[in-house]
Amino acid sequence: MRYDTGWAQHEEAFLQMNLRVMVKRLPALLASSFRLAWQADRAAARIVIAAELGRGVAQAVNLLAVNSVLARLMTQGSMEARLRGAVPALVTVACVMLVAALLRAASTYATGRLEPKVERVATEQYLERAAAVELAAIEDDAFHKLLDTAQYGAASARRMIAIATRVVNATISLAAAAGVLTVLHPVLLPLLVTMTLPSAWAALTIARRRYRSFHAWVQHARAGRLISSLLTETRAAPEIRVHGVGPFLLRHFRSMSESAEAEQARLARLAARTGLIAASLTGLAATATYATLGGLLLLGAMSLAVAGTAVIAIRTGSSNLNTLVLEVNELHENALFVGDLERLYVKAADWAVPSGGSELPAEPREIRFEKVTFSYPGRDARPALSEVSLSIPTGKIVALVGENGSGKTTLVKLLAGLYSPQQGRIWWDDVDAADAERTRLTERIAMVAQDFKRWPFTARVNIAIGRPGAEMSDGRLDASVAEAGAGDVVSGLPRGLDTLLARSFSGGHELSGGQWQRLGIARAAYRKGRILIVDEPTAALDARAELEVFEKIRALAGSGQTVILITHRLASVRHADLVHVLDAGRLVESGTPEELLNSGGVYAELYALQASQFAEGAPGRGAPGREVPGREAPGREAPAKGVPAKEMPAKGVPAQPSRNGHPTKGS
């Protein structure tokens, strides 16, 4: 149960490290951490570096001062005289400990200040670049995988600051201990390495083992948490109680938990064995170390005070080396995710929406598609659009119709500048859209997509987000609500426009699909784009509301706004000024609804098929005024010109096609 996700991209990184690789990569890792800190807060970065260097120096001075204290205490003479001689060194030890404490506090403060800043800066840079790339980049598999992986870079950057601080402290402290030992006696440095290697090996081995186990069992653990959460999930609660699912879920949760417990027991057993081996080796090394110290004492090559200081330095160095081994490994893994973040910055620049370009006409007469071809990246099937040439006169209602996959939505995405054609041109009068400034183009577009975003904000913001750069005004909001016919939706909310539309939060409220669609139309009205694209605008509305929405759309076109309507309900486009029929990515017909019905082509065929579903005696016909699966409530409609009477609905039944090919009320 494993899969390829962003967080698992570098799951083997920890396993690649050993002591040699650790030493080799340490400078680069620290440099990467320092760059992050420097970008976020230079003052805090300086404090951390200075504090950690100071702590290392303080530790070295402290060891030397301790050696002086021991030497004074172990000299000949009375105890009073020896204590008096040790006082300066003791004062030095106390002062050094105070300074070290102050430096530790300064480092802790600066690190705590740096961490959230580093994460914020990295997150902002990530989001800024993700929001500034072409839509095609988001849909590109390779770029999206990088986007998925790089999202962990910000949190990893934050962790790197604290880890790097501990690494610097351990490195400097280890260097200080090694330096003091070298000063005391050159033979003591190899003794430090001999005593610390077994414990460092054990720490690295146990950490690797647990790390490997974590990644092997992470899906198992997630599945266990999922099963446990199902028992308390609101949506699952009715079925759990009606079908008696509780014992079934509990049984599986217990089984999965027991297998996970067995894995933890295995790891504990191996850790105990590894620890025992390391302790035995460390014991042998310690015996050899103390025997060496004893030999040096007997030979007179080392004083007792130096030997005591050496023991303290060896223990300090051993502890720092253990810390260094574990922290550098973790620093390495986090640095890989930060590297992905930096790689995203480079790739995002390649995919960035271009800036600058030609000015579009202030009041274009038409928008022309000239032999436009477009294929979605990574798809081997036929092009979504193939050599499409058509005209969209401004200030009119233009309908795009066709079966699923005919290219309607792709065409309006090209029009809105979300994609660029691979072949052909899109002209705004005499200006090529490819040469136009993208932001100026999109400013003229308002879109109500079939799956428009339902933002977890208030109703007010859900409407005003249609033009976030404009000053929010009650007059503009009220006008937009009225244009969309969403007055009843807003008045029915507990706090009106200030109602939070996110039920998962306290005080949140949920809307039905039709109510959301009204707000989506209000959002497009608030945007006041010169070109309004509506994709299945009445898919979630009842028949009466559908009539009202189409009346609003006609009113928008009457005010000079260009309306591009995408719908499967062919009778809904009877008031369109122009209809373009697409089939398999190609334009097959264009004309007014009457012309297309009279021509007997694809439009007339689809219209007749939809209308015939409600003809007298049609199988599965629904009762008037009542919705049935795949159909909507019927009304009245006179036979359209050019369509045989036998293919039109009976009296009282509409010729209003629905989204899935069946007529509804509203024609």
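Shown above is the structure to which this text applies.
Each value, and the rule that gives it
Residues numbered from 1 in each chain as written. Predicted model: local features only at pLDDT ≥ 70, side-chain atom pairs only at ≥ 80, totals over all residues. Heavy atoms only, no water. Helix = DSSP H or I, 4+ residues; strand = E, 2+ residues; numbered from the N terminus. Buried < 20%, exposed > 50% of the residue type's maximum accessible area, 1.4 Å probe, protein only. Contact = heavy atoms within 4.5 Å. Pairing = 2+ DSSP bridges. Axes fitted to C-alpha atoms, helices over the stretch in contact; angles between N-to-C directions. Phe/Tyr/Trp six-rings, centres within 6.5 Å; stacked < 30°, edge-to-face > 60°.

1. Some points on the overall build of the protein
(1) Moving on: Across its full length, the protein carries 19 helices and twelve strands.
(2) Moving on: Looking at the protein residue by residue over its 667 residues, the buried ones come to 46%.
(3) Moving on: Partitioning the intrachain contacts of the protein with sequence separation of at least 6 by distance along the chain shows that 74% fall at a separation of at least 24.

2. Re the sheet that holds strand β4 (residues 423-428)
(1) Moving on: The antiparallel open sheet is built from four strands, whose spatial order is β2-β1-β4-β5. One side of each edge strand has no neighbouring strand; the edge strands of this open sheet are β2 (385-393) and β5 (431-432).
(2) Moving on: Of the pairings in the sheet, the one linking strand β1 (residues 366-374) to β2 comprises six bridges and is antiparallel in character. The partner of Phe369 across the bridge, within β2, is Leu390.
(3) Moving on: Strands in contact with helix α11 (residues 408-415) are β1, β2 and β4; relative to β1, the strand with the most contacts, it is inclined by about 120 degrees.

3. A short note on the pairing of β4
(1) Moving on: In this structure, β1 lies alongside β4, joined through five bridges in antiparallel fashion. Note that in β4 the partner of Arg368 across the bridge is Trp427.
(2) Moving on: In this structure, the hairpin formed by β4 and β5 is closed by a connection of two residues, where Asp429 is found at a positive phi of approximately 55 degrees.

4. A look at the packing of aromatic side chains
(1) Moving on: Counted under the stated rule, the structure contains seven aromatic pairs.
(2) Moving on: With 5.4 Å between their ring centres and 85 degrees between their planes, Tyr376 and Tyr419 make a pair best called edge-to-face. Highlighted residues: Tyr376 in the loop between β1 and β2 and Tyr419 in the loop between α11 and β4, separated in sequence by 43 residues.
(3) Moving on: Among the residues examined, Tyr376 registers a relative accessible area of 14% and is labelled buried.
(4) Moving on: Ring pairs connect the aromatic residues Phe374, Tyr376 and Tyr419, which therefore count as one cluster.

5. Considerations on α11
Because each turn of an α-helix spans 3.6 residues, side chains separated by three or four positions end up pointing in the same direction.
(1) Moving on: The element α11 is largely enclosed, with a buried count of six among its eight residues.
(2) Moving on: Every buried residue of α11 is listed here: Lys408, Thr410, Leu411, Val412, Leu414 and Leu415.
(3) Moving on: Gly417 sits one or two positions beyond α11 and adopts a positive phi of about 80 degrees.

6. Here's the deal with the environment of Asp435
(1) Moving on: With respect to the secondary-structure elements, Asp435 resides in the loop between β5 and α12 (438-443).
(2) Moving on: Judged by its relative accessible area of 46%, Asp435 is partly exposed.
(3) Moving on: In the structure, Asp435 is positioned 75 residues away from Leu360 in sequence and 9.4 Å away in space, judged by C-alpha atoms.
(4) Moving on: The contact partners of Asp435, leaving out residues within four places of it in the chain, are Gly357 and Ser358.

7. A few points about unusual backbone geometry
(1) Moving on: We note that Asp429 has phi near 55 degrees; this positive angle belongs to a residue other than glycine.
(2) Moving on: Secondary-structure assignment places Asp429 in the loop between β4 and β5.

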